[in-house]
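Here is what each chain is made of, one letter per residue.
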Amino acid sequence: MKPCLAKLGLGASQLPAGAAGTARGRPPEAEVRDMLQIAARAGLGLLDAGGATASAELALGAALPAPAPLHVLVRSVRGERGPDYAEAEVRASLARLRLTRARAVVVQSASDLFAPCGPALWSRLKALRDAGLFEKVGVCAYASDDPVGVARRFRPDIIQAPASLLDQRLLVDGSLMEVRGMGVEVHLRSIFLNGLLFLPPDRVPSQLKGAAARLSRARRMIAEGRSDPLQAALGFALSRPEADAVIVGASTAAELTAVVAAASSPPPDLDWDEMAIDDPVALDPHRWAAA
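Residues numbered from 1 in each chain as written. Predicted model: local features only at pLDDT ≥ 70, side-chain atom pairs only at ≥ 80, totals over all residues. Heavy atoms only, no water.

Enquirer: Please explain the overall build of the protein chain as it appears in this structure.
Expert: Across its full length, the protein chain holds eleven helices and eight strands. Rg of the C-alpha trace for the protein chain: 19 Å, near the compact-globule value of 19 Å for 291 residues, within the 12% margin. Dimensions along the principal axes, computed over C-alpha positions, put the protein chain at roughly 50 × 45 × 40 Å. For the protein chain, with 291 residues in total, the buried portion stands at 52%. Sequence-distant contacts in the protein chain: of pairs separated by 6 or more residues, those separated by 24 or more amount to 78%. The positive charge centre, built from 33 side chains, and the negative charge centre, built from 32, are 3 Å apart in the protein chain. (Helix = DSSP H or I, 4+ residues; strand = E, 2+ residues; numbered from the N terminus. Rg over C-alpha atoms; globule rule 2.2 N^0.38 Å. Buried < 20%, exposed > 50% of the residue type's maximum accessible area, 1.4 Å probe, protein only. Contact = heavy atoms within 4.5 Å. Lys, Arg positive; Asp, Glu negative; His and termini not counted. Charge placed at Lys NZ, Arg CZ, Asp CG, Glu CD.)

Enquirer: Quick question: what am I supposed to make of the nonpolar core here?
Expert: Most often, soluble globular proteins have nonpolar side chains that are buried together. Counting residues in each nonpolar core, the largest one holds 94 residues, and the members touching the most others are L8, L60 and L234. With seven residues, the top contributor of residues to this core is helix 10 (residues 229-239). If sequence neighbours within four positions are ignored, L234 has contacts with L8, I191, F192, V248, V259, A262 and A263. Membership of the second largest hydrophobic core comes to eight residues, among which are L46, V106, A245 and I247. (Core = buried A, V, L, I, M, F, W, Y, C linked by side-chain atoms within 4.5 Å.)

Enquirer: Sorry if this is basic, but what is going on with the packing of aromatic side chains here?
Expert: Centre-to-centre distance and the angle between the planes together describe a pair of aromatic rings. Inspection of every chain in the model, using the stated rule, returns four aromatic pairs. The interplanar angle of 75 degrees and the centroid separation of 6.1 Å between the aromatic rings of W122 and F154 together place this pair among those described as edge-to-face. Here the residue W122 occupies a position in helix 5 (residues 118-130), and F154 occupies one in helix 6 (residues 147-154), the gap between them amounting to 32 residues. The two residues W122 and F154 agree in class, both being buried. Clustering of aromatic rings is evident, with ring pairs tying together F114, W122 and F154. Positioned above the aromatic ring of Y85, the side-chain terminus of R81 is 3.9 Å from the ring centre. The lysine or arginine in question, R189, covers the ring of Y142, its NZ or CZ lying 5.0 Å from the ring centre. (Phe/Tyr/Trp six-rings, centres within 6.5 Å; stacked < 30°, edge-to-face > 60°. Lys NZ or Arg CZ within 6 Å of the ring centre and 35° of its normal.)

Enquirer: Where do I start with the pairing of strand 7 (residues 185-189) in this structure?
Expert: For a regular strand, side-chain orientation follows a simple rule: the groups alternate between the two sheet faces. Of all five residues making up strand 7, five are buried, and the element is well covered by its neighbours. Alternating positions in strand 7 separate into two faces, E185, H187 and R189 on one and V186 and L188 on the other, with burial throughout. Pairing geometry for strand 6 (residues 158-162) and strand 7, over five bridges, is parallel. Across the sheet, I159 pairs through a bridge with V186, a residue of strand 7. Taken together, the two bridges between strand 7 and strand 8 (residues 245-249) define a ladder with parallel strand orientation. Opposite L188, over in strand 8, you have V246 as the bridge partner. (Pairing = 2+ DSSP bridges.)

Enquirer: Sorry, what's going on with the pairing of strand 4 (residues 102-107) here?
Expert: With six of six residues buried, strand 4 is to be regarded as a mostly interior element. Strand direction decides the pairing type here: strand 3 (residues 71-76) and strand 4, joined by four bridges, are parallel. Residue S76 lies in a different strand from strand 4, and its bridge partner there is V107. A crossover connection joins strand 3 to the parallel strand 4 through helix 3 (residues 83-96); in handedness this β-α-β unit is right-handed. One ladder, built from five bridges, connects strand 4 with strand 5 (residues 134-140); its direction is parallel. (Right-handed = clockwise from strand over helix to strand, strands pointing away.)

Enquirer: What am I meant to see in the state of the cysteines here?
Expert: Among covalent bonds in proteins, the disulfide is the one between the sulfur atoms of two cysteines. Going through the model one piece at a time under the given rule, you end up with zero disulfides. The thiol sulfur of C117 is not disulfide-bonded, and the nearest other cysteine sulfur, from C140, lies at 19 Å. Among the residues examined, C117 registers a relative accessible area of 26% and is labelled partly exposed. (Disulfide = S-S within 2.5 Å.)

Enquirer: Honestly, the environment of D202 in this entry has me stumped. Any pointers?
Expert: By secondary structure assignment, the location of D202 is in the loop between strand 7 and helix 9 (212-224). Overall, D202 belongs to the exposed group, its relative accessible area being 71%. With 70 residues separating them in the primary sequence, D202 and G132 have C-alpha atoms 51 Å apart.

Enquirer: Explain unusual backbone geometry here, please?
Expert: Glycine aside, residues mostly have negative phi angles, and peptide bonds mostly take the trans form. With omega at 0 degrees, the peptide bond leading from A66 into P67 counts as cis. Relative to the elements of secondary structure, P67 occurs in the loop between helix 2 (54-63) and strand 3. The residue R155 is not glycine, and still its phi comes out positive at about 55 degrees. For R155, the position within the fold is in the loop between helix 6 and strand 6. Given a relative accessible area of 53%, R155 falls into the exposed group. Even without glycine at this site, L193 takes up a positive phi of about 45 degrees. In this structure, L193 sits in the loop between strand 7 and helix 9. With relative accessibility at 3%, the residue L193 sits in the buried group.

So yeah, pure geometry; function would need other evidence.
Here it is in structure tokens:
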């Protein structure tokens, strides 16, 4: 069955911005405009601008048509400087994006809600939702954050969590299905596990020796299934019943075109269960991505 591309969302963390962000010698604004056009034509449902820099938000704002063809999400700053500062920054993001309201505002880490200023931050963001600046409030959660517990305590409208064919922890233990059963919208992110699935064996960081055999096996199974890592990763994520949305990053129009083409294909017939890895270092990109 052909996947529904409306479940696919473009994450803005890799978008080109500023003089250092030009792609193929093109102005970043032109690249962003092309990417948004590709996303709109393909029927993508979401633009997650949460990871965008201020300059990338300006480029997005300049390129977004009105009304925006995609639902836009923005991210809250951390709450240490208080709810007034967080609100000012959220409003500044909307201004740079040239939006009067957005689909959602998302807390960038569940740990922010457990910090001293967390309750005040959460209350302020819900007040902004109730005032009409946003339709929903959400939170990003890792496996270690206990997404089910976060959902029960804070009752967010959205939870974003990492899940991929390599990192299936929150899928196998039923956490994300339980969260969705509470009426919470579930967004899968990090579906490429920081590009780990795409790394050739000779470029796998030395810290990941414990996962090397499983990674090689997953790549071999994908090749034997006449697929490729991009199509497999997207096919897995888009086919998950827990997922209301799947957020992917791209830095150029060419990359986004490849993502759309891969996502438009029927998911490959692969034994997904056999591709999961359990190496704790591999499942935490913060411990190896800078290698």
